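# Per-entry structural report
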Amino acid sequence: MTAPVVYSDRAAFEHLLQQVLHDDQDGSFGRLHIVRISPVGADDDEWHRLLPKAMAIAENILHHRLGATDSCLRLAEGRFMLLFPTLSAMEGRLRATAIATEIRQHLTGNQSHGVEVATEVLPLSTLRHTKAPASVETMHKAMEHSHHPSISLSIEYQPVWDMPRQAIIGSRARARRDFGGQTMWERAVMFGGEEDPMAVDVNRHLAHAGAAFRPDRGLLFLPVVVNTHTLSHGKGIEDFLDTICHPGGGKLVLELAGAVANLSRPTLRAVIGAIRARGCAVAIRVVPEPETARFLRECGAEYLCLNQLQAQLAGFTPSAIHALYTLVAHDVGELGFQLALWNATNPEDIKRAASLGFTLFSGAPVGVTTKSAATLKTLPVPAIFA
């Protein structure tokens, strides 16, 4: 893969920006971003000691995370300007935020350590409508008058319906990100794939949601992301468990999502064992081969979950999604998993999945996603299929 273009020459970067502005016809290009590394509460001597290491880490991450069509200008010590010519506004913001988050996590972990890493965003349309040339100085001035809030992360809840019991038995947490008038659920940053570096922030919010969950609300499914970043951050899964789990709790189900299929068996066994040792149940959100499914069941996983929304975002047609239900039910049906279908979009989805052995459901037919956990109640089949 061709390395991204990194300019130390402002004139060359400005020439490229002018070309992007000139060539674009429909305004569907990415945004211009500044990644800023700055001191927080550190004196000058401490900051100058930290800066070389911070810059080296930042430049290494930029080198690996920027694509061949992206460009980067080093403005000064601790400041980089990024240009994503081929991305939409939403994608550009997500990419820049993910990069800044990864830099911050490598530098500080959970602590500030006197360093702040943030992004500033400038819509390129702002430059198109100005009469001044697209210089670095013009960009800075435009940014001062452009207010684009950072991505806001929150946790909301879906009711979980148990078909055999015909009742709402608990809730499933969902990570929600709001940015620029857009909302994205769960995997908000697609560019890292399953190795999304922002998953550490998602897990932190999920942990606090789990810690505040009331036992009288039934089960709570928490879609915890496991990947290289979350497992290597601090004490990995132990940090998460320290926040939410107490021995004998029994009300929490940790739904392992993310790079589950890429983890080694010893790692999976250790993660599942640690969760069960804290009194929590384990769900797996993956489409496993029969042998892998058997291994997961032997490790103690009780639930196997499919996320219909994830399949739709991956481009699956309705018929392909229904074929997936059938395949999974056939391959794991005798292993004793409780099968769950999340984010079902209509009653027919639930009806077909239920005929194959799925018992737990969330999504529009079951109830709306809200800021508070669902109330336990009877919800008979006719109410779902009405």
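Report on the accompanying structure. As the structure is a computational prediction, the values presented were derived from the model and not from experiment. (Residues numbered from 1 in each chain as written. Predicted model: local features only at pLDDT ≥ 70, side-chain atom pairs only at ≥ 80, totals over all residues. Heavy atoms only, no water.)

Following the criterion strictly, the structure yields 10 salt bridges and no others. Glu102 is paired through a salt bridge with Arg65; the nearest N and O atoms lie 2.8 Å apart. Here Arg65 lies in helix H2 (residues 44-65) and Glu102 lies in helix H3 (residues 89-108), a separation of 37 residues in the sequence. Residue Glu102 is classed as buried on the basis of its relative accessible area of 5%. Linking Asp162 and Arg165 is a salt bridge whose minimum nitrogen-to-oxygen distance equals 3.5 Å. For Arg165, a relative accessible area of 60% corresponds to the exposed category. Here the salt bridges share partners, and the residues they tie into one network are Arg172, Glu255 and Arg285. (Salt bridge = Lys/Arg side-chain N within 4 Å of Asp/Glu carboxyl O. Helix = DSSP H or I, 4+ residues; strand = E, 2+ residues; numbered from the N terminus. Buried < 20%, exposed > 50% of the residue type's maximum accessible area, 1.4 Å probe, protein only.)

Looking only at helix H10 (residues 290-299), the buried set comprises Ala293, Phe295, Leu296 and Cys299. All buried residues of H10 lie within an arc of 160° about the axis, which places them on one face of the element. The exposed set on the far side of H10, more than 90 degrees from its buried face, consists of Glu291 and Glu298. Buried residues in H10 make contact with helix H9 (265-277), strand E11 (281-284) and helix H12 (318-332). (Arc of directions from axis to C-beta. Contact = heavy atoms within 4.5 Å.)

You can see Arg177 is positioned in strand E7 (residues 167-179). Arg177 sits in the buried class, given a relative accessible area of 4%. Note: C-alpha distance between Arg177 and Ser152 (25 residues apart in sequence) is 5.4 Å.

It is worth spelling out the packing of aromatic side chains at this point. In this structure the tally under the stated criterion is 4 aromatic pairs. Counting every residue linked through ring pairs, the aromatic cluster contains Phe221, Tyr303 and Trp342. A cation over a ring is seen here: Arg297 above Phe337, with NZ or CZ 5.7 Å from the ring centre. (Phe/Tyr/Trp six-rings, centres within 6.5 Å; stacked < 30°, edge-to-face > 60°. Lys NZ or Arg CZ within 6 Å of the ring centre and 35° of its normal.)

Right, let's get into the packing of H9 against H10. Axis separation between H9 and H10 bottoms out at 9 Å; the angle between their running directions is 35°. Our pair here, H9 against H10, has a crossing hand that is right-handed. Mapping the contact onto sequence places Arg265, Leu268, Arg269, Ile272 and Arg276 in H9 and Glu291, Thr292, Phe295, Leu296 and Cys299 in H10. Grouping the amino acids of the contact of H9 with H10 by side-chain chemistry returns 5 nonpolar, 1 polar and 4 charged. (Axes fitted to C-alpha atoms, helices over the stretch in contact; angles between N-to-C directions. Left-handed = near helix turned anticlockwise from the far one by under 90°. Nonpolar A, V, L, I, M, F, W, Y, C, P; charged D, E, K, R; others polar.)

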